[in-house]
Amino acid sequence: MGGQEFGAAVRQLRESTAPASVGLPVGDRRVPGLRREELADLAGMSADYVRRLEQGRSHPSAGVVNAIARALKVGRAEYERLCALAGYAAADGQVPNEVGPGATRLLERFADTPMFISDAAMNLVAVNSAFLALEHWTLTGDPWDWNVAWRTFCDPFDQFQQSDADASDHESILVAQLRSTLLRYPTDASLASLVDELRTHSRRFDALWRTPRPVAAYESSAAFEHPDGHSVTLVGSLLAVPGDDLTALLLTAAPGSADAARLAEVVGAAEGPAVVRVGQLGPG
């Protein structure tokens, strides 16, 4: 990857970093963000070297990439991007799964909307009580009980029904997500194992992995059958959580519809904390 792309990324991050977020006084500034000299001091290098990096006239070492990432206090996703642009693997290459403040706020502020947060490998890491109120996510004892792709292709839910078109869209989205993730985290052994198991156990997944379908929109519809005998049809929409390399899925019903009324009834009876950490045998 050329130095121009890395340099442009560093400059964009520097200019969009609030001084207070890295412990610097705001003062009187003609432009937002950090001065080149300030980034240099924080990263332990000269301002002239930062200038040459930003102009693409010098190639950084892995240590320099790490120093800039620490100085700017970037999230995991941005750190991975800087490493890739500089031509290095990230320090550990593992899929991050920490639920940061941004993802937590989404779960808290959309308390009436079923929602989960997943990592880049499609493992659920946190949900809200509205999501649990649907009562469709059962545990089987499989090692990937909380993985969306595994549950879709290898161990589908009885209370989750989709049309052929929606199921096809849903499957294509999951394969596209995992292909992208494997490119970003090539040394994550758990991720590689998951993909191998999916290709071994699901002919459908293997076919889509070898010949992926284009994804037009990151959403699909499904009917959730509640244990009380009623069902509610919801549309799942994926939203990226920048900085943490996480994804939020929101389940919504058409405004004013019978499904919206039914969803409100189900969610209204929900109890428990706004944010529930998962990814193990049972919420916790």
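For the structure itself, consult the block above.
No experiment lies behind these values; they were computed from the predicted model shown.

### As for helix α12 (residues 258-268)
The complete set of buried residues in α12 reads R262, L263, V266 and V267. Buried residues in α12, looked at end-on, bunch into an arc of 130 degrees, giving them a common side. Looking at α12, the residues exposed on the side facing more than 90 degrees away from the buried face are A258, A261, A264, E265 and G268. Packed against the buried residues of α12 are α7 (129-133), β5 (231-241) and β6 (246-252).

### Section: the packing of aromatic side chains
Enumeration according to the criterion identifies eight aromatic pairs in this entry. With a centroid separation of 6.1 Å and 55 degrees between ring planes, the pair formed by F131 and W137 is classed as tilted. Under the relative-accessibility criterion, W137 is labelled buried at 15%. Between W137 and W146 the ring centres are 5.8 Å apart and the planes differ by 10 degrees, which places this aromatic pair in the stacked class. Summarising the burial analysis for this pair, W137 and W146 share the class buried. Site record: aromatic cluster; members linked through ring pairs are F116, F131, W137, W146 and F157. Sitting over the face of the ring of W209, R179 holds its NZ or CZ atom 5.0 Å from the ring centroid.

Rules used in this analysis
Residues numbered from 1 in each chain as written. Predicted model: local features only at pLDDT ≥ 70, side-chain atom pairs only at ≥ 80, totals over all residues. Heavy atoms only, no water. Buried < 20%, exposed > 50% of the residue type's maximum accessible area, 1.4 Å probe, protein only. Helix = DSSP H or I, 4+ residues; strand = E, 2+ residues; numbered from the N terminus. Arc of directions from axis to C-beta. Contact = heavy atoms within 4.5 Å. Phe/Tyr/Trp six-rings, centres within 6.5 Å; stacked < 30°, edge-to-face > 60°. Lys NZ or Arg CZ within 6 Å of the ring centre and 35° of its normal.

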